[in-house]
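Below are the chains, spelled out letter by letter.
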Amino acid sequence: MTDNLRDKLAAMINTENKKNPLTDEQLAEQLDVLRETVTGIRKELDIPNSRTRKKEIVKAAVSKIKEKDPDISIGNLVSGLEKEGICISRTYINDLMNEEKNGSVEEQDNSEKKKENDIFSKLIGYNGSLLKNIKQGQAAILYPPFGLPTLIIGESGTGKTLFAEYMYKYAVKQKVLKNDAPFILLNCADYSDNPQLLVSILYGYQKGAFTGADKDTEGLVEKADNGMLFLDEIHRLPPKGQEMLFSILDRGKFRRLGDINTERTVHIYFIGATTENIESSLLLTFRRRIPMLIELPRLEDRSLNEKVKLIHGFFQQEANRTNYKILVNAKIMEAFAFKKYSGNIGQLKSEIQVTCANAYVDKINNKREEIYIGFNEILYQKFFYDIDTQKNNMRFNDALFIPNSDEAEDSLLMVKNQYSLPEDIYETIENKYYELKNASISADKTEEIIWNFLLSYFDKIRLDAQNRNISSLDELKYLLDGSIIQLLKEFVTLMRADRPERQINEKVLIYLAIHLEEAVKRIKFKQEIMNPNLLYIKANFADEFKLAGQLAQKLSEKKKIEIPEGEIGFIAIYIHELMKPPAKKNRIAIITISHGKVATEMVSVVKKMLSVDFPIAIDMPLDINPVKIFEQVVELAKSLSAEEGILFFVDMGSLVSIGEIVHSRTGMQTRTIDRVDLVSVLEAVRKADASDESLDNIYYDIINSKHNYSLVTVENSDKPPALICMCLTGHGVALKIKDILIKYYVGVKIIPLSIMDDNVKAKIDNLRQQYNLLAIVGTINPKIEGLNFIPYDNNFTKDKRMFLDYLLKENGGGIAHTMIREELVLVGLECADKKEVIETMGKLLCNEGFVKFEYINSVLGREDMNSTYFRNCVALPHGLPSFVNKSVIIFARLKKAIPWDKNGNEAQLICMPAVKSEDVAAINNLFKILKQKEKVEKLISAQQQTEFVEIIRSAYE
Ligand SMILES: Nc1ncnc2c1ncn2[C@@H]1O[C@H](COP(=O)(O)OP(=O)(O)OP(=O)(O)O)[C@@H](O)[C@H]1O
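The structure presented is a predicted model; accordingly, all values stated were derived computationally and were not measured. For every chain, the first residue of the written sequence is number 1, and numbering continues from 1 onward in sequence order. Owing to the predicted nature of the model, reporting of local features is limited to residues with pLDDT of at least 70; listing and counting of side-chain atom pairs is limited to 80 or more, with chain, interface and lining totals taken over all residues. Processing note: side-chain calculations cover all non-hydrogen atoms of the structure and skip hydrogens and water entirely.

### Section: the site of the ligand
Right, on to step 1. If a single non-hydrogen atom of a residue is within 4 Å of a molecule or strand, that residue counts as near it. Taken together, 18 residues are adjacent to the ligand, and Ser 156, Gly 157, Lys 160, Thr 161 and Lys 349 come closest.
Right, on to step 2. In protein, a polar contact means a hydrogen-donor-capable atom and an acceptor-capable atom, both N or O and within 3.5 Å, with residues adjacent in sequence counting only if both atoms are side-chain atoms; elsewhere, any N or O pair within 3.5 Å suffices. Between the ligand and Lys 349 there is a distance of 2.9 Å, counted from an oxygen atom to a side-chain nitrogen or oxygen.
Right, on to step 3. Here the ligand, which alone exposes 620 Å², has 79% of that area covered by the protein.
Right, on to step 4. Helix and strand assignments come from DSSP, with helices taken as H or I runs of at least 4 residues and strands as E runs of at least 2, each series counted from the N terminus. Elements with a contribution of two residues or more to the shell around the ligand: helix H10 (160-173), helix H16 (304-322) and helix H18 (344-366). Exposure was quantified through the Shrake-Rupley algorithm and a 1.4 Å probe, taking into account, for residues, occlusion by the shown protein chains and nothing else.

As structure tokens, this is what we get:
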């Protein structure tokens, strides 16, 4: 690298347009060097990237615009900036806003620390359903001079006592109370049959005040002086006791029972709690004296995610308490999550304790090492008889709890993702709109493109709806606002009453519910609702628009918000979808049969990619007798109504006769294609769905094109694998796609390109010299021969990932790239010894579903045989492939090196491959990297997961 280049680069950056600084890519193009070279020099010269370089200017411009219009929507902000000559994507602005809201990265670090200091953050739900309650609790404590008397209301077991304890802890932490300030708790219900006694215990009494009062006695109120008094079940306090308390709260004064002479003074922070309706159970005068009412949510009103966190938390507590590992079967986790608990968190906790206690007895009897809570009918019947887990679409994994390990939030991420609802259309449309606008596409054309986009979105949700197990609105009640669900139910009744012959697709209704929830949020937060197709919708879907208007009117009344017309337009298309007849019957059936799980995987990719649901997959265990499968397929064929016949795809010779067998037994036309591959299935399904071609035509087409099919050419190649991400400009969405792909495909080169580029084809040809190009992931298909295209529409769903994984796997060893994941890199892990490291890593793999629990023991067993220390402070512990569900590699960079074997070797970088037998070869390259001392040193010094993964990625290149 010459100084000349360095100078040129510095000069170009110095003289660039500060409003739109040059990206590394643009610099590289002008200097005719690789982008990596530019990035390298820029870093050497300590010059920030273009994004950071323009930040200050953008910030200043944003605040100037916001001064005039503080509530300006992001869309208008982007347009405003454009007028100032600053071209910027919405994502950039969003990031900037988030940064302002959450602080910069360093500030976020501080806020992490703040969180540590924040006592309440230990409560599950502190940043969710308890957010408002916690703010109230904090305000009640901090209010001078002695806080605000507080009443906590909530059903039994909602956590009232715990909340009061946290308020006390908070008061101490805030130095509002001294460290040794008393916390006095009295449950008034304990004395419900003797109110006199209750009052005397609370306020104390003078000798002779009542029979049995044989000496002057201090009450709890005095004990709580300068501290906190918590009265649980306060509705049991008799009126007289309430009046006395009123005097304490009002003036800090009271008298012991029977003591008319001495008025005593106390300073107390007061909290009461009750499960009852306070209107009827507390005196009005007393109620008025308590300004702070904190109403804790019922467990059923909390999100499912919080519920799962509570379940994890309680199992972890049991593991810590018993000092044994606890392994919980996925089905049981699921059952706990879906059971309804009238006794709220308290009941959930005690049921988990009882379950663990029963399993503990089992552990002793069976001499197991861990407490195992397996799927067991008796347990299931006892606790979970009233739940219907069949109805949910959430997946749970077996969960392992190791004593005294912090319940890592990470392990819940996976679960959380399962709950997430499909994305809504707003963002998709907005991104698309601005992308088109940036590319100077005319308004008419924009409208047309977006309309097509909308149609495809609805096609997709129809398919998605078919695949999801949710079948009625009621099942969404954990996830969505109940009043919207109610509103929709009423609306459907209305629609049916109006015209009983109306068919209503219940599944689309679910999507409408999700959409409305999102719409309400957007409107409340003054986010823009953009609908470029409004005029078109009004003109072409007049009936639907009218119905949408009625629904919007009701929503508007219920939520007290104005619903903009653009939104009514969206609702109209949902209603249009809602009334569409169900999908047509298919003429040709397509059945894929293969060993292992290949058939299911392939077919599910095809179904998602083509938005169809008719292809059928049959997975065959490796050791099953084909005759059994033949029987099964014949039965299946009889049940199909494919009048033109069945096309079979099979993977092995023994199955090629399946078509003939089915034909002879059922009389149906059949054709069979062996050595099934994804592309052929894809093509056949596409043809069977979209055209009127006969079974034979499709069959011969596939046979003829099987080996030179242009949509997918996946070849083994020594060149490094690469993916292209593409959007109109090559900047906006393409970069977003790049960020996503980088996370999943470590070691795969990701190249953003613009479809508008005149030389796009030539560029791709050039890249082919250097890389093995696998696919284009993008918003628009450039139809490049021999290159797969994977559509990106604001998400990169699992099916698309599966398709890419498949391509990479075919690409020979490429699977290694998919096996390294940012979330499976533990940076700065602190463990006392080797066993703890292995267990921590294994637990994460097990909880994420990559391995079976037994894998951990097999790693420990392997380690006992002889050490897996590698070199350069690296250890490679590993277990038996038979316990691996999905190949993956987990890394841990320990905070401090720990002894690994008897020869005095210490390890700091632990790499645990959990790999199925067929994938073992895929990790050879990784070992090559770990052999290089300088690479390992870099990995050990990595401070963050992204940095760690980045190092591996560049090492692959
Ligand atoms: N947010 C939370 N995070 C973790 N654990 C919680 C939470 N809320 C409650 N718990 C646990 O649930 C159990 C029940 O809570 P608690 O006893 O405070 O409820 P309560 O409303 O006072 O019940 P009751 O009215 O029956 O006395 C306790 O063991 C508590 O530790």
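### A few points about the pattern of salt bridges
Right, on to step 1. Salt bridge criterion: a side-chain nitrogen from Lys or Arg within 4 Å of a carboxyl oxygen from Asp or Glu. All chains considered together, the criterion is met by 26 salt bridges.
Right, on to step 2. Across the pair Glu 823 and Arg 821 runs a salt bridge whose closest N-O atoms are separated by 3.5 Å.

### What to know about the environment of Ile 234
Right, on to step 1. Here Ile 234 lies in the loop between strand S5 (227-232) and helix H13 (239-251).
Right, on to step 2. Linking Ile 234 and Leu 186, residues 48 residues apart in sequence, is a C-alpha distance of 9.1 Å.
Right, on to step 3. Non-local contacts of Ile 234, meaning those with residues more than four positions away in its chain, are made with Leu 151, Cys 188, Leu 245, Phe 270, Gly 272, Ala 273, Thr 274, Leu 282 and Phe 286. Contact definition: two residues touch when any of their heavy atoms are within 4.5 Å.

### Here we look at the packing of helix H1 (residues 3-15) against helix H2 (residues 24-31)
Right, on to step 1. Here H1 crosses H2 at 125°, and the two axes come no closer than 11 Å. Taken together, the axes of H1 and H2 lie oblique to each other. Taken as a pair, H1 and H2 cross one another with a handedness that is right-handed. On the side of H1, the interface is formed by Leu 5, Lys 8, Leu 9, Met 12 and Ile 13, while H2 contributes Leu 27, Gln 30 and Leu 31. Interaxial angles span 0 to 180 degrees and are taken between N-to-C directions of axes, which are lines fitted to C-alpha atoms, for helices over the stretch in contact. Should an angle lie under 35 degrees it is considered roughly parallel, over 145 roughly antiparallel, and from 65 to 115 roughly perpendicular; all remaining angles are considered oblique. In this scheme, a crossing is called left-handed if the near helix is turned counterclockwise away from the far one by less than a right angle; it is called right-handed if the turn is clockwise.

### Considering the sheet that holds strand S24 (residues 888-899)
Right, on to step 1. Paired strands are those between which DSSP finds at least two bridges. Sheet architecture is open: five strands sit in the order S21-S24-S25-S23-S22, paired in mixed fashion. Of all the strands in the sheet, the pair left with one neighbour each is strand S21 (820-829) and strand S22 (869-871).
Right, on to step 2. As defined by bridge partners, strand S23 (residues 874-875) adjoins strand S25 (residues 906-914) across two bridges and the pair is classed as parallel. Bridge pairing links Val 874 to Leu 909 in S25.
Right, on to step 3. The strands that helix H39 (residues 924-931) touches are S21, S22, S23, S24 and S25; relative to S22, the one it contacts most, it runs at about 60°.
Right, on to step 4. Most of the contacts of helix H40 (residues 933-941) go to S25, to which it runs at about 95°, and overall it touches S23, S24 and S25.

### With respect to the packing of helix H28 (residues 598-610) against helix H31 (residues 678-690)
Right, on to step 1. Between H28 and H31, whose axes approach to 10 Å, the crossing angle comes to 45°. By the angle class used here, H28 and H31 are oblique. Taken as a pair, H28 and H31 cross one another with a handedness that is right-handed. Contacts between H28 and H31 involve Met 602, Val 605, Val 606, Met 609 and Leu 610 on the former and, on the latter, Leu 678, Val 681, Leu 682, Val 685 and Arg 686.
Right, on to step 2. Three residue categories are used. Nonpolar comprises Ala, Val, Leu, Ile, Met, Phe, Trp, Tyr, Cys and Pro, charged comprises Asp, Glu, Lys and Arg, and polar comprises the others, including Gly. When grouped by side-chain class, the residues that make up the contact of H28 with H31 number nine nonpolar, no polar and one charged.

### Points about the side chain of Arg 53
Right, on to step 1. Along the chain, Arg 53 turns up in helix H4 (residues 50-53).
Right, on to step 2. The exposure class of Arg 53 is buried, given its relative accessible area of 18%.
Right, on to step 3. Of note is the side chain of Arg 53, whose polar atom sits 2.8 Å from the backbone oxygen of Pro 48.
Right, on to step 4. Once residues within four sequence positions are removed from consideration, Arg 53 is found in contact with Ile 13, Glu 16, Pro 21, Leu 22, Arg 42, Ile 47 and Pro 48. Classification of residues uses two cut-offs on accessible area relative to the type maximum, computed with a 1.4 Å probe and protein chains only: under 20% is buried, over 50% is exposed, and between them is partly exposed.

### Things to note about the packing of aromatic side chains
Right, on to step 1. Stacked, tilted and edge-to-face are the three classes assigned to paired rings of Phe, Tyr and Trp, where Trp is represented by its six-membered ring and a pair needs centres within 6.5 Å; plane angles under 30 degrees give stacked, over 60 edge-to-face, the rest tilted. Using the criterion set out here, one finds twelve aromatic pairs in the structure.
Right, on to step 2. Look at Tyr 203 and Phe 254: their rings are 6.4 Å apart centre to centre, the planes differ by 45°, and that puts the pair in the tilted class. With Tyr 203 in helix H11 (residues 195-203) and Phe 254 in strand S6 (residues 253-254), the pair connects residues that are 51 residues apart, well separated along the chain. As far as the burial class goes, Tyr 203 and Phe 254 line up, both buried.
Right, on to step 3. Taken together, the ring pairs in this structure connect Phe 120, Phe 163, Tyr 166 and Tyr 170 into an aromatic cluster.
Right, on to step 4. Here, a charge over a ring means that NZ of Lys or CZ of Arg falls within 6 Å of the ring centre while also lying within 35 degrees of the ring normal. For Lys 169, the ring lying beneath its charged end belongs to Tyr 166, and the centroid distance is 4.5 Å.

### A short note on the pairing of strand S8 (residues 268-274)
Right, on to step 1. Across the seven residues that make up S8, a large majority, seven, are buried.
Right, on to step 2. Inspection of the sheet shows strand S1 (residues 150-153) paired to S8 by four bridges, in the parallel sense. Looking across to S8, one finds that Thr 150 is bridged to Ile 271.
Right, on to step 3. Note: S5 against S8, five bridges, orientation parallel. Bridge pairing in S8 places Leu 229 opposite Phe 270.

### Description of the nonpolar core
Right, on to step 1. In this text, buried Ala, Val, Leu, Ile, Met, Phe, Trp, Tyr and Cys residues form a nonpolar core when linked through side-chain atoms within 4.5 Å. Counting 46 residues, the largest nonpolar core has Leu 488, Leu 516, Leu 551 and Ile 571 as the members making the most contacts within it.
Right, on to step 2. When residues of this core are traced back to their parent elements, those giving at least two are helix H21 (425-438), helix H22 (443-467), helix H23 (482-498), helix H24 (506-524), helix H25 (534-540), helix H26 (542-559) and helix H27 (565-578).
Right, on to step 3. With ten residues, the single largest contributor to this core is H24.
Right, on to step 4. Setting aside anything within four residues of it in sequence, one finds Leu 551 in contact with Leu 487, Leu 488, Phe 491, Leu 512, Leu 516 and Ile 571.

### Thoughts on the confidence of the model for the protein chain
Right, on to step 1. Per-residue pLDDT for the protein chain has a mean of 80; in total, 83% of the residues score no lower than 70.
Right, on to step 2. Think of pLDDT as the predictor's per-residue confidence, scored from 0 to 100. Here residues 102-116 scores under 50 on pLDDT; set against residues more than four positions off or in separate chains, the count is seven contacts.
Right, on to step 3. Within the model, pLDDT remains below 50 along residues 466-470, and this stretch shows 19 contacts once partners closer than five positions in the same chain are excluded.

### Remarks on unusual backbone geometry
Right, on to step 1. The backbone phi angle of Glu 233 is positive, close to 50°, even though this residue is not glycine.
Right, on to step 2. Within the secondary structure, Glu 233 sits in the loop between S5 and H13.
Right, on to step 3. Its identity as a non-glycine residue notwithstanding, Asn 872 has a phi of 50°, on the positive side.
Right, on to step 4. By secondary structure assignment, the location of Asn 872 is in the loop between S22 and S23.

### Quick word on H11
Right, on to step 1. Burial in H11 covers these residues: Leu 198, Val 199, Ser 200, Leu 202 and Tyr 203.
Right, on to step 2. Buried residues along H11 sit against strand S2 (183-187), strand S3 (204-205), helix H12 (220-223), S5, H13 and S6.
Right, on to step 3. Residue Gly 204 follows H11 closely and has a positive phi angle near 80°.

### A few points about a positive patch on the surface
Right, on to step 1. On the surface, Lys 122, Lys 169, Lys 173 and Lys 175 cluster together to form a positively charged patch.
Right, on to step 2. In this fold, Lys 175 is placed in the loop between H10 and S2. For patch detection, residues must exceed 30% relative accessible area and be free of salt bridges, and they are connected within 9 Å for like charges or within 5 Å for nonpolar side chains (Val, Leu, Ile, Met, Phe, Trp, Tyr). A residue counts as positive if it is Lys or Arg and as negative if it is Asp or Glu; His and the chain ends are not included. Here the site of a charge means atom NZ of a Lys, CZ of an Arg, CG of an Asp or CD of a Glu.

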